Amino acid sequence: MKKITKAVIPAAGLGTRVLPATKAMPKGMLPLVDKPAIQYLVEEAVRSGITDILIIVSRNQDIIQDHFDRSPELEAKLAAPGKEKMLEECLGISDLANIFFVRQQQTLGLGHAVSMAKPFTGDDPFVVIYGDDVIWGEDPVCAQLIRAYEEFGRPAAGVSAVPWADVSRYCSLKTTPIHDNYFFVDDMIEKPKKGQEFSNYSILGRVLLTPEIYDILAGTKPGAGGEIQLTDAMAEYAHSYGGMTAVEFTGKHYDMGNKLKVAEAQVELALQHPEIGEAFRAYLKEFCKTL
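What you are looking at is a predicted structure, and each value in this text was computed from that prediction instead of being measured.

Engineer: Sorry, what's going on with the domain arrangement of the chain here?
Structural biologist: A common way to report how large an interface is uses the accessible area buried once the components associate. Domain assignment breaks the chain into domain 1 (6-257) and domain 2 (258-290). Computed from C-alpha coordinates alone, the two centres of domain 1 and domain 2 are separated by 26 Å. Counting residues at the interface gives 17 residues for domain 1, matched by 14 residues for domain 2. Considering only the surface of domain 1 that becomes buried against domain 2, Val 33, Trp 136 and Tyr 254 emerge as the three largest contributors, covering 40% of it. Our count for the domain 1 to domain 2 interface comes out at two salt bridges.

See the structure below:
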């Protein structure tokens, strides 16, 4: 069994749900305390043993590439005495992993974006980290999926039970319990209409795929929203290749396309921040007294 060392991050979405913040800035660059959202995704991959990462971007998203590049002018300024920690942090960003970029010329859906990763992943299995989804926890979700792949030898999806009223915003999986937090999946549907749901288990931002997905994606027609849906291709994989594994992951999920969830991420990650956590907690306690 091949070791998982590659990850793909589709980040080419237009971010229309969080306008006007994303009018001129990719949603992946929305700051969560002192780091952009997409850095949390890259760091999760690295913590899971990933060494090579492909980020799929669109036009006017060069700022993402710039963030992970070296900045000689800034580094020269930070070389002054007393700024060693800031210099170390900036240098560390460009050394996180081997990061590559490809531009998606048209935003035709997540499935189309993933299909562009074929030259990068080749015949290797790989993790897809959805650009909208920051998941914070001690055990990286990518690592949880890799362990499932190593145990069962088939693609895996990170899932969570969502409120039934929200299933139509995500996807719905047909699941059978295996053991612990593992389920067997033999069907799924993207953005189901009422009555089409299999369960209220939905994929939230992480999947581990094998190269067979590319041939399936090549024949996948536009689905929900007129886009090429990765969920449709994974459903076909489940039908044709003997199913997938669903992992009910541990970790707190933040949807970066949801204004409320972005605000929640700001607050909760600030409370856990080693530099400002205690002071921010004290501020919140005082602020809440005024409500």
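Engineer: Help me out: how do you make sense of helix H4 (residues 84-94) in this one?
Structural biologist: Because an α-helix packs 3.6 residues into every turn, residues spaced three or four apart end up facing the same way. If you check which residues of H4 are buried, you get Leu 87, Ile 93 and Ser 94. Viewed along the axis of H4, the buried residues span an arc of 125°, placing them on a single side of the element. Opposite the buried face of H4, by more than 90 degrees, sit the exposed residues Lys 85 and Glu 88. If you follow the buried residues of H4, they end up packed against helix H1 (37-47), helix H2 (62-67) and helix H3 (72-78).

Engineer: Mind showing me how you'd approach the packing of aromatic side chains here?
Structural biologist: Applying the stated criterion across every chain, the model contains eight aromatic pairs. Relative to Phe 120, the ring of Phe 100 lies with its centre 5.8 Å away and its plane at 55°, an arrangement referred to as tilted. Remark: Phe 120 occurs in helix H6 (residues 118-121) and Phe 100 occurs in strand E5 (residues 98-103); sequence separation between them is 20 residues. On the accessibility criterion, Phe 100 (40% relative accessible area) is partly exposed. Note on Phe 120: relative accessible area 17%, which makes it buried. Seen from their ring centres, Phe 126 and Tyr 214 are 5.6 Å apart, and the 15° between their planes marks the pair as stacked. One end of the pair, Phe 126, is in strand E6 (residues 126-129); the other, Tyr 214, is in helix H8 (residues 212-218), with 88 residues separating them in the sequence. Here Lys 6 stacks its cationic end above the ring of Phe 120, 5.7 Å away from the centre of that ring.

Rules used throughout
Residues numbered from 1 in each chain as written. Predicted model: local features only at pLDDT ≥ 70, side-chain atom pairs only at ≥ 80, totals over all residues. Heavy atoms only, no water. Domains from an automatic or database assignment. Contact = heavy atoms within 4.5 Å. Buried area = accessible area lost by both parts, 1.4 Å probe. Salt bridge = Lys/Arg side-chain N within 4 Å of Asp/Glu carboxyl O. Buried < 20%, exposed > 50% of the residue type's maximum accessible area, 1.4 Å probe, protein only. Helix = DSSP H or I, 4+ residues; strand = E, 2+ residues; numbered from the N terminus. Arc of directions from axis to C-beta. Phe/Tyr/Trp six-rings, centres within 6.5 Å; stacked < 30°, edge-to-face > 60°. Lys NZ or Arg CZ within 6 Å of the ring centre and 35° of its normal.

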